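# A look at the structure
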Amino acid sequence: MDVKQVLLNQYREFVAAIRFLSVLPVPGSAQLFDTEETAPHLIIGCEYFPLVGLLMAALLCLLVLLFSRLLPPLALSALLVVALVILTGGLHLDGLMDTCDGLFGGRTRERKLEIMRDSRVGSFGVLGALCILLLKFALLASIPIQSLPLALLLTLPTARWSMALALHVFPPARPTGLGAAYHHAITTRRMLITGLIALVIALLTGHFTGLITWITGTLVALLIGLSITKNIGGLTGDSCGAIDELVEVATLLILVIMHV
């Protein structure tokens, strides 16, 4: 395989990661994917998950740079929370809401999965989203403005790594669907590379603080994944989004506790 083809394949992986994790436009993305994404050789680009998180964090850091002198801390924190929802297209937040509805609204495994399939949002989903958004707002507002870029650069790549980790470690709750497709696509080698990239980003950005953040995100992802698996027998695409949201909150919380 020549160098041009290798670079094209890597760019295709990078585009796949961006498309899965954000609404950011990517040049030439339409031409790269002219086949069904449910094909046997699913292009997922999980190794680029932390880098996409880093890119999103950099965009939010730009907002901090532009508005830190114009807005009070509370308003800036609210802006960052809204901007993050926009960057992700609300996809992970929607997964959290569906997961809350299913886990807390159903009595049996089958009923929980049925509820999670329903596009309508119930009371548990609304409450879950409100709690997550409130926690993010409060935690970001609790971090000094000069430390917000560091917090963002540590939190977002770690949370995206946690998704790849959980999707590989835990079985899919359904034989088909996004969770099943991604579980089979994320091999052990890919998962380890993703974790290493996220760890390098954390160490280069925050040194010891970055290491604690990475460990926190990894442990929280495993604990939440284990809890969901006990409830519904595995993970779905929705629960993957829920893990991302909860890891973001957990890593921000540990940074606040450490007085970053």
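Residues numbered from 1 in each chain as written. Predicted model: local features only at pLDDT ≥ 70, side-chain atom pairs only at ≥ 80, totals over all residues. Heavy atoms only, no water.

## A look at the packing of helix α5 (residues 91-105) against helix α11 (residues 237-257)
Where α5 meets α11, the axes come as close as 7 Å, and the angle between the chain directions of the two elements is 110°. By the angle between their axes, α5 is roughly perpendicular relative to α11. Residues H92, L93, G95, L96, D98 and T99 of α5 form the contact with α11, whose participating residues are D238, S239, G241, A242, D244, E245 and L246. A breakdown of the residues in the contact of α5 with α11 according to their chemical character gives four nonpolar, five polar and four charged. (Axes fitted to C-alpha atoms, helices over the stretch in contact; angles between N-to-C directions. Helix = DSSP H or I, 4+ residues; strand = E, 2+ residues; numbered from the N terminus. Parallel < 35°, antiparallel > 145°, perpendicular 65-115°, else oblique. Contact = heavy atoms within 4.5 Å. Nonpolar A, V, L, I, M, F, W, Y, C, P; charged D, E, K, R; others polar.)

## With respect to the environment of R174
Take R174: it is sitting in the loop between α8 (148-169) and α9 (178-185). As for R174 and L235, which are separated by 61 residues in sequence, their C-alpha atoms are 8.0 Å apart. Contact partners of R174, with chain neighbours within four places excluded, come to L113, M116, R117, A180 and T236. A distance of 3.1 Å separates the side chain of R174 from the backbone oxygen of L113, its partner in a polar contact. (Polar contact = N/O pair within 3.5 Å; in protein donor to acceptor, adjacent residues only side chain to side chain.)

## Some details on the environment of P149
Among the structural elements, P149 can be located in helix α8. P149 gets classed as partly exposed once you look at its relative accessible area, which sits at 26%. Distance in space between the C-alpha atoms of P149 and L60 is 7.9 Å, their sequence separation being 89 residues. The residues contacting P149, other than those within four sequence positions of it, are C61 and V64. (Buried < 20%, exposed > 50% of the residue type's maximum accessible area, 1.4 Å probe, protein only.)

## Quick word on the state of the cysteines
What the rule picks out here adds up to zero disulfides. Here C131 is not disulfide-linked; the sulfur of C100 is the nearest cysteine sulfur, at 8.3 Å. C131 gets classed as partly exposed once you look at its relative accessible area, which sits at 47%. Here C240 is not disulfide-linked; the sulfur of C46 is the nearest cysteine sulfur, at 11 Å. (Disulfide = S-S within 2.5 Å.)

## Quick look at helix α3 (residues 49-67)
With 19 residues, α3 extends 27 Å between its outermost C-alpha atoms, agreeing within 8% with the 27 Å of an ideal straight helix rising 1.5 Å per residue. Within α3, burial applies to F49, P50, V52, G53, M56, A57, L60, C61, L63 and V64. Packing partners of the buried residues in α3 comprise α1 (3-21), α4 (73-88), α8, α9 and α10 (188-232). (Expected span 1.5 Å × (residues − 1).)

## Some words on α4
Spanning 16 residues, α4 covers 23 Å between terminal C-alpha atoms, matching the ideal 22 Å at 1.5 Å per step. Looking at α4, one finds that the buried residues are L76, S77, L80, V81, A83, L84, L87 and T88. Projected onto a plane normal to the axis of α4, the buried residues spread over an arc of 165° and lie on a single side. Exposed residues on α4 whose side chains face more than 90 degrees from its buried face are L74 and I86. Check the buried side of α4 and you find it contacts α1, α3, α5, α7 (123-142), α8 and α11. (Arc of directions from axis to C-beta.)

## Side note on unusual backbone geometry
The backbone phi angle of H207 is positive, close to 55°, even though this residue is not glycine. Assignment of secondary structure puts H207 in helix α10.

## Remarks on the nonpolar core
In this structure, F49, L60, L80 and L152 are the most contacted members of the largest nonpolar core, which totals 74 residues. With residues up to four places along the chain from it excluded, the contact list for L152 reads A57, L60, C61, V64, L80, L140 and P157. (Core = buried A, V, L, I, M, F, W, Y, C linked by side-chain atoms within 4.5 Å.)

## Description of the pattern of salt bridges
Summed over the entire model, instances satisfying the criterion amount to eight salt bridges. With a shortest N-O distance of 3.2 Å, E13 and R190 are connected by a salt bridge. One end of the pair, E13, is in helix α1; the other, R190, is in helix α10, and 177 residues separate them in sequence. With its nearest N and O atoms 2.9 Å apart, the salt bridge here joins E47 to R190. Here E47 is found in the loop between α2 (29-32) and α3, whereas its partner R190 is found in helix α10, with 143 residues between them in sequence. R190 shares its class with E47; the two are buried. Taken together, the shared-partner salt bridges in this structure form one network comprising K136, R160, D244, E245 and E248. (Salt bridge = Lys/Arg side-chain N within 4 Å of Asp/Glu carboxyl O.)

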